[in-house]
Amino acid sequence: MSMTPRTNAMPRPVPRPAVRAGAPVVSAVRRGAGLAVGAVTGVAEFGFLCVAGVLFAILSAWPSGRRAARRFAAVGTARLVSLERARLATWFDHDTGAVPVGSGYGYLALRATFGTFASHLTFAGLFVGMLFLSGGIGGLLSGASYLVPLRYPGVRLTVDSGPLGVAYGLALLSVSALWGAATVAAERRLATYFAGPGEREAMRRRIAELTATRSGIVRAVDDERRRIERDLHDGVQQRGVALGMLLGRARHGADPAAVAALVDQAYAESRRLLDELRSVAWRVYPAALDELGLRAALAGVADRAGVPVTVRYGLAERPVSEIETAVYFVVREAIANAAKHAGARGVLVVLSEDGHTVTAEITDDGRGGADPAGGGLSGLERRVLALDGTFEVDSPPGGPTRVTATLPHGGAERPEPPCA
């Protein structure tokens, strides 16, 4: 089972202007006008495609005629696609990019077929609903049965009951309104599929993404600060207190032998305190990462892991500092999780690049079932997403667990120093 973690940080909502009274009604009217215009343009597009197909079939026997037919089709398609983009932007508030020439024919064919049918069906439903509603209201007001005829070729519907007329009318109006909203959504999706988001839409999505990743990295930094505080409180501070107590007892001791023993204990405790300080400093940020490079820093992680770790370093150049740091922390946290929680007997780390991205893949043979939403993995995800990277966790029960982080390369900044 593949699991991709989701950040727990909630992005700060972007302020929106206050909704004015009557705005939903105005929006519905604008959408309806856009559907009406789309019904007309759909007929024009269908006719254009038919004419273009006939011209190409007739003129394809001659090279010059084939070129003329293609030119006619390309120019007409471009103009109709531009018209559709303007309609979507004006009436549906949907910004799209330019449709490639090769995709324009398919877009127009689908738009003309679906858009025309859906738009006409929407307005037919509204028209019939208004007939039933007006007839039903008239019957209720007059107190007498009121005939509401609906006659089309092969169709004849009548309602001679006021309540039924009102009920049928409201039902048809509701269904038609929902169908119209679905048509608008489908037209947006169709345009986005062929053209992709426009500049404004792409910018809006990018702003939302940056807002979420900014909130995520702030939370990741806060979590890291809390972890450092716990390490200092539970490790360094406790050893400092023990060292102070030993020195205090030695200072007030009267027996030289006991004092000497206390001094020896204090010395041993001071050594453990220094080791604890070095360990905390290494977990905060290893000096070897700056001084010796990523290869040497990962070698140090492998030495301290407690399980056999194989590192396959496939980077030709050293990434920029922020990418290098993110890769280091991803690898270190994944190895620590494998050793501490997964009961792994071995870990494989593979670092690769393709000229544009750097990928770190960490695989262990542990019991699996890692929680992607856990504090460690979700913090790593937020760090990676803040650098426009991707982060995936695949950890089915029973293993193996695979953690993959892909980040932009960022270019070469420094040569990789030799591993000491």
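Calculation notes
Residues numbered from 1 in each chain as written. Predicted model: local features only at pLDDT ≥ 70, side-chain atom pairs only at ≥ 80, totals over all residues. Heavy atoms only, no water. Helix = DSSP H or I, 4+ residues; strand = E, 2+ residues; numbered from the N terminus. Expected span 1.5 Å × (residues − 1). Buried < 20%, exposed > 50% of the residue type's maximum accessible area, 1.4 Å probe, protein only. Pairing = 2+ DSSP bridges. pLDDT = per-residue confidence, 0-100. Contact = heavy atoms within 4.5 Å. Salt bridge = Lys/Arg side-chain N within 4 Å of Asp/Glu carboxyl O. Core = buried A, V, L, I, M, F, W, Y, C linked by side-chain atoms within 4.5 Å. Phe/Tyr/Trp six-rings, centres within 6.5 Å; stacked < 30°, edge-to-face > 60°. Patch = residues over 30% accessible without salt bridge, like charges linked within 9 Å, V, L, I, M, F, W, Y side chains within 5 Å. Areas by Shrake-Rupley, 256 points an atom, 1.4 Å probe, with all protein chains shown as cover.

Some words on helix α2 (residues 63–91)
- For α2, which comprises 29 residues, the first-to-last C-alpha distance of 42 Å matches the rise-based estimate of 42 Å (1.5 Å per residue) to within 8%.
- Every buried residue of α2 is accounted for by G65, A69, A73, G76, T77, L80, V81, E84, R87 and L88.

Focus on the pairing of strand β8 (residues 401–408)
- Across eight bridges, strand β6 (residues 357–364) lies against β8 in antiparallel orientation. By the bridge assignment, V358 is partnered in β8 with L407.
- Linkage of strand β7 (residues 390–394) to β8, two consecutive antiparallel strands, is achieved through a turn of six residues, within which G398 is found at a positive phi near 95 degrees.

Thoughts on the confidence of the model for the chain
- When the pLDDT values of the chain are averaged, the result is 76; 76% of them are 70 or greater.
- In the model, residues 1–19 has pLDDT below 50 throughout and makes 35 contacts with residues more than four positions away in sequence or in other chains.

Observations concerning the pairing of strand β5 (residues 347–353)
- As judged from the five bridges shared by strand β4 (residues 309–313) and β5, these two strands associate in the parallel manner. Note that in β5 the partner of V311 across the bridge is V349.
- Sheet analysis places β5 next to β6, joined by seven bridges and oriented antiparallel. Bridging from a neighbouring strand, V350 pairs with E361 of β6.
- Counting the residues in the hairpin turn of β5 and β6 gives three residues, including G355, whose phi is positive at 95 degrees.

Examining the pattern of salt bridges
- For the structure on display, the rule yields 10 salt bridges.
- Between E84 and R111 there is a salt bridge; the shortest N-O distance is 3.4 Å. With E84 in helix α2 and R111 in helix α3 (residues 101–142), the pair connects residues that are 27 residues apart, well separated along the chain.
- Here R111 and E187 are joined by a salt bridge, their closest N and O atoms 3.1 Å apart. Pair noted here: R111 is in helix α3 and E187 is in helix α4 (residues 162–195), with a separation of 76 residues, a long-range link.
- Exposure remark for R111: the relative accessible area of 1% places this residue in the buried category.

Description of the nonpolar core
- Counting residues in each nonpolar core, the largest one holds 37 residues, and the members touching the most others are L294, V327, V331, I335, L351, I362 and F391.
- Contributing elements (two or more residues each) for this core: α8 (294–304), β4, α9 (321–340), β5, β6, α10 (375–385), β7 and β8.
- Ranked by residues supplied to this core, first place goes to α9 with 10 residues.
- Leaving out residues up to four positions away in the same chain, L351 has contacts with L294, L298, R312, Y313, G314, L315, V327, V331, T359 and A360.
- Counting 14 residues, the second largest nonpolar core, distinct from the first, contains F48, L80, Y107 and F194.

With respect to the packing of aromatic side chains
- If you walk through the whole model with that rule in mind, you get four aromatic pairs.
- A ring pair is formed by F48 and F72, whose centres lie 5.6 Å apart and whose planes are at 45 degrees; its orientation type is tilted. Placement of the pair is F48 in helix α1 (residues 23–59) and F72 in helix α2, with a sequence separation of 24 residues.
- Three or more aromatic residues joined by ring pairs make a cluster, and in this case those are Y107, Y193 and F194.

A word on the environment of L178
- Considering the arrangement of structural elements, one finds L178 in helix α4.
- It is 8.9 Å that separates the C-alpha atoms of L178 and T122, two residues lying 56 residues apart in sequence.

Some words on a nonpolar patch on the surface
- Taken together, the side chains of V51, L55 and F72 define a hydrophobic patch exposed on the protein surface, amounting to about 220 Å² of accessible area.
- On the basis of relative accessible area, F72 is assigned to the partly exposed category, the value being 36%.

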